[in-house]
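# An overview of the molecular structure
Each chain, written out:
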Amino acid sequence: MTQPFIRNHQYNFIKKQADHVLRTHNTVSDPKVVEAVIFLAESKILEQFPELSKEQKELLQPITTCKTSQDFAEYLNRLSEYTIDFPAITEAQIKKLFPKTKKLKLPDLANMEISKLTYLGWIDIATNKIYFVYPENGKFIGVEGKFTPGNKKNLCSLCHGHEEVALVTAISKAKSSLSPDYYKAVGNYMCVDAEKCNKRITDVSQLEDFFQRVLV
């Protein structure tokens, strides 16, 4: 039996390709163009998974035969059964990730669909703090930063969606070569709404780079 093998961001990527292929079916009349789009979509999806079993590949390939919105809905629903859940996490585990933060505002885990996340993110409006938790190599890592709301839409560095973003800055643990007392700030524009960001993110390279630059 095939075990879950699709991470949340990979599922989002597949969904994005499926939407593109469906849109092509609905708007393009040239069969050669449609065929090329389907071939490219399939290739991009398979590139997301360097190592695939025969069964896993067979689960992904129906994107080449789907034509209607119903076909794609059934395809994505089928794949959702093979997505890897975000690891369960407790409030106690979160507190251990931020031991120096007094009166840590915790996320509302009870009302969050934790299993469908790429990363766990939440904001403390009272202190203008933002928190990120990410599973890496079987354990959780956490980053605390400050956010400066822009009250306008821009591109998010994590999901590349055009949404309301804030400038997020975190202090790197690596000391600067300029001065042993100076620590470098790492900044990026990120979605204010982590839930929306998690539904769009298709690549974790920027997210992992952010963590690496802060926690190095």
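Look up: the structure comes first, before these words.
Reading guide: rules and limits
- Residues numbered from 1 in each chain as written.
- Predicted model: local features only at pLDDT ≥ 70, side-chain atom pairs only at ≥ 80, totals over all residues.
- Heavy atoms only, no water.
- Helix = DSSP H or I, 4+ residues; strand = E, 2+ residues; numbered from the N terminus.
- Polar contact = N/O pair within 3.5 Å; in protein donor to acceptor, adjacent residues only side chain to side chain.
- Contact = heavy atoms within 4.5 Å.
- Expected span 1.5 Å × (residues − 1).
- Buried < 20%, exposed > 50% of the residue type's maximum accessible area, 1.4 Å probe, protein only.
- Arc of directions from axis to C-beta.
- Disulfide = S-S within 2.5 Å.

## Details of the side chain of Thr118
By the element assignment, Thr118 lies in the loop between helix H5 (91-97) and strand S1 (120-124). There is a polar contact of 2.7 Å between the side chain of Thr118 and the side chain of Asn8. Residue contacts for Thr118: discarding those within four places in its chain leaves Asn8, His9, Phe86, Tyr134, Pro135, Asn198, Ile201, Val204 and Leu207.

## As for helix H4 (residues 69-80)
For H4, with 12 residues, the first-to-last C-alpha span of 16 Å sits near the 16 Å given by 1.5 Å per residue. For H4, the complete set of buried residues consists of Phe72, Tyr75, Leu76 and Leu79. The buried residues of H4 occupy an angular sector of 90° when projected down its axis, which confines them to one face. Of the surrounding elements, those touching the buried residues of H4 are helix H1 (8-27), helix H2 (31-47) and helix H3 (54-60).

## Quick word on the state of the cysteines
Across all of its chains, the model carries zero disulfides by this definition. Distance from the sulfur of Cys159, which forms no disulfide, to the nearest cysteine sulfur (Cys191) is 3.7 Å. Looking at Cys159, the relative accessible area reads 7%, which means it is buried. Cys197 takes part in no disulfide bond, and the closest cysteine sulfur, belonging to Cys159, lies 3.9 Å away.

Any functional reading would require information beyond the geometric quantities listed.
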